[in-house]
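# Results of the structural survey
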Amino acid sequence: MALARQRDQVSTAHGGREGVAMFRQIRPLVTLLDLRMPEMDGLVVLKEIRTLDPRAGVIMLGGGATEEVENHARKLRVTDFFRKGLSLDVLIGTVHRVAQQARREASASASRAGADMEQAPEEQILVVADDVMARALLVRVLSLRGERVRA
């Protein structure tokens, strides 16, 4: 099962600051965001993303996170949050669901504005994590599911 359409691309950022900069630049369809990163943790990045786009699809990966941290992320309107025992199939299914929702919202918004949908830009999935192995695993899984990866 391909996660999304063939023209989607997966981009990666090595930390929070780079993730926010890339979010500004590419406006991804979905952002996979690690909770624990040096310099700027995932909650701060999520807050920045929300100031840029209050409706952006953001899935937070918070291995070992407490319920309090998860609740804080939910108050910042994270789209979904995974704490532990992450199944890659569940993650891919969630990315697919969030991407489809973002596409529907973009299509409805463009229809209201009378925009030409045939010229839609390449859609991006952004992975923001400082852990090289976790980032590589996510990119590999996404690419095996039909995504073009640009790291």
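Cut-offs and rules
- Residues numbered from 1 in each chain as written.
- Predicted model: local features only at pLDDT ≥ 70, side-chain atom pairs only at ≥ 80, totals over all residues.
- Heavy atoms only, no water.
- Helix = DSSP H or I, 4+ residues; strand = E, 2+ residues; numbered from the N terminus.
- Buried < 20%, exposed > 50% of the residue type's maximum accessible area, 1.4 Å probe, protein only.
- Contact = heavy atoms within 4.5 Å.
- Axes fitted to C-alpha atoms, helices over the stretch in contact; angles between N-to-C directions.
- Parallel < 35°, antiparallel > 145°, perpendicular 65-115°, else oblique.
- Left-handed = near helix turned anticlockwise from the far one by under 90°.
- Nonpolar A, V, L, I, M, F, W, Y, C, P; charged D, E, K, R; others polar.
- Core = buried A, V, L, I, M, F, W, Y, C linked by side-chain atoms within 4.5 Å.

## What about the overall build of the chain?
Secondary structure summary: the chain contains 5 helices and 6 strands in total. Scored against the burial criterion, the 151 residues of the chain give a buried share of 45%. The long-range fraction of contacts in the chain, counting pairs at least 24 apart against all pairs at least 6 apart in sequence, stands at 68%.

## Re the packing of helix α4 (residues 88-113) against helix α5 (residues 132-144)
Running from amino to carboxyl end, α4 crosses α5 at an angle of 70 degrees, the nearest separation of the two axes being 11 Å. Judged on the interaxial angle alone, α5 and α4 are roughly perpendicular. Between α4 and α5 lies a crossing whose hand is right-handed. In contact with Leu 88, Leu 91 and Ile 92 of α4, α5 contributes Leu 137, Leu 138, Val 141 and Leu 142. Grouping the constituent residues of the contact of α4 with α5 by class yields 7 nonpolar, no polar and no charged.

## Side note on the nonpolar core
Core analysis: the largest hydrophobic core is formed by 23 residues, its most contacted members being Leu 33, Leu 46 and Met 60. What Met 60 contacts, discounting residues up to four positions off in sequence, is Leu 33, Leu 35, Gly 42, Leu 43, Leu 46, Ala 73, Val 78, Asp 80, Phe 81 and Phe 82. In terms of nonpolar packing, the next biggest core, distinct from the first, is built from 19 residues, Leu 29, Leu 32, Val 127 and Leu 138 among them.

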